Amino acid sequence: MDVVDIHKDGKTCSSCGEFKPAEAFAVRKSGRAGHLVAYCKVCNSAKQTARKARDKSIYERVERPSKLRRQYGITVAEYDVMLANQQGKCAICFSPRPGSRTRHFHVDHCHQTGVVRGLLCHKCNRAIGLFEDDPNLLYNAASYLEKETQQ
């Protein structure tokens, strides 16, 4: 998004009080879309880190529900129903573990239509993504593996 803010050359950060170039600020995506945010990226990052340190439950209470709604159009309750329908396991490999660094399964969706397909563990989500959601590539990979193991 192009910066249409009146501060094209830069602005003063509301937090640290320093004048910084426009690239040091994020660009608003809603509200006053196209305008620079009030805090520079460094100050904003520090404020977010401090807020998360003060309130450990912020992710579960605010960030996760917001992300699910914004990116996938589902609620936490709908996610929980999907997970229950999958018996708490990955829809592909049936692992009960979301991944080594993740606490929740990934929401798999069609990138063309946005339709949610299911919940995947980290490895399966990455694999689907690396194959660019192309069933033909996945079929070819499976055929290749079957051919190689029979020799």
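The following refers to the structure shown. (Residues numbered from 1 in each chain as written. Predicted model: local features only at pLDDT ≥ 70, side-chain atom pairs only at ≥ 80, totals over all residues. Heavy atoms only, no water.)

**Points about the overall build of the protein chain**
As a reminder, the rule being used: In DSSP terms, a helix is any run of H or I states spanning at least four residues, a strand is any run of E spanning at least two, and both are numbered starting from the N terminus. Buried residues are those whose accessible area, probed at 1.4 Å on protein chains only, stays under 20% of the maximum for their type, while exposed residues exceed 50% and partly exposed ones sit between those limits. Contact criterion: two residues are considered in contact whenever any of their non-hydrogen atoms come within 4.5 Å of each other. Per-residue and other accessible areas were derived by the Shrake-Rupley procedure at a 1.4 Å probe size, with only the shown protein chains allowed to occlude residues.
From N to C terminus, the protein chain includes five helices and six strands. The order of helices and strands in the protein chain, counted from the N terminus, is β-β-β-β-α-α-α-β-β-α-α. If you line up the protein chain on its principal axes, its C-alpha atoms span 65 × 30 × 25 Å. Classification of the 151 residues of the protein chain by burial places 24% in the buried group. Relative to all contacts within the protein chain whose residues are 6 or more apart in sequence, the contacts with residues 24 or more apart total 38%. Just so you have it, the protein chain exposes about 10900 Å², and 53% of that area is on carbon and sulfur atoms.

**What to know about the packing of aromatic side chains**
Rule in force here: We call Phe, Tyr and Trp rings a pair once their centres come within 6.5 Å, taking the six-membered ring for Trp, and we label the pair stacked below 30 degrees between planes, edge-to-face above 60, and tilted otherwise. Both a distance and an angle decide whether a charge sits over a ring: NZ of Lys or CZ of Arg must be within 6 Å of the ring centre and within 35 degrees of the ring normal.
Taken as a whole and assessed by the stated rule, the structure comprises zero aromatic pairs. Here the guanidinium or amino end of Lys-11 rests over the ring plane of Phe-25, the centre of that ring lying 5.7 Å away. Its guanidinium or amino end placed over the ring of Tyr-79, Arg-64 lies 4.6 Å from that ring's centre, counting from NZ or CZ.

**Here we look at the side chain of Lys-11**
Formally: Two N or O atoms count as a polar contact when they lie within 3.5 Å, although within protein this holds only if one can serve as hydrogen donor and the other as acceptor, and sequence-adjacent residues are included solely when both atoms are side-chain atoms.
If you trace the backbone, Lys-11 turns up in strand β1 (residues 11–12). Within the structure, the side chain of Lys-11 is placed 3.5 Å from the backbone oxygen of Leu-36, a separation counted as a polar contact. Residue contacts for Lys-11: discarding those within four places in its chain leaves Glu-18, Phe-19, Lys-20, Phe-25, Leu-36, Val-37 and Ala-38.

That is the geometry; function is a separate question.
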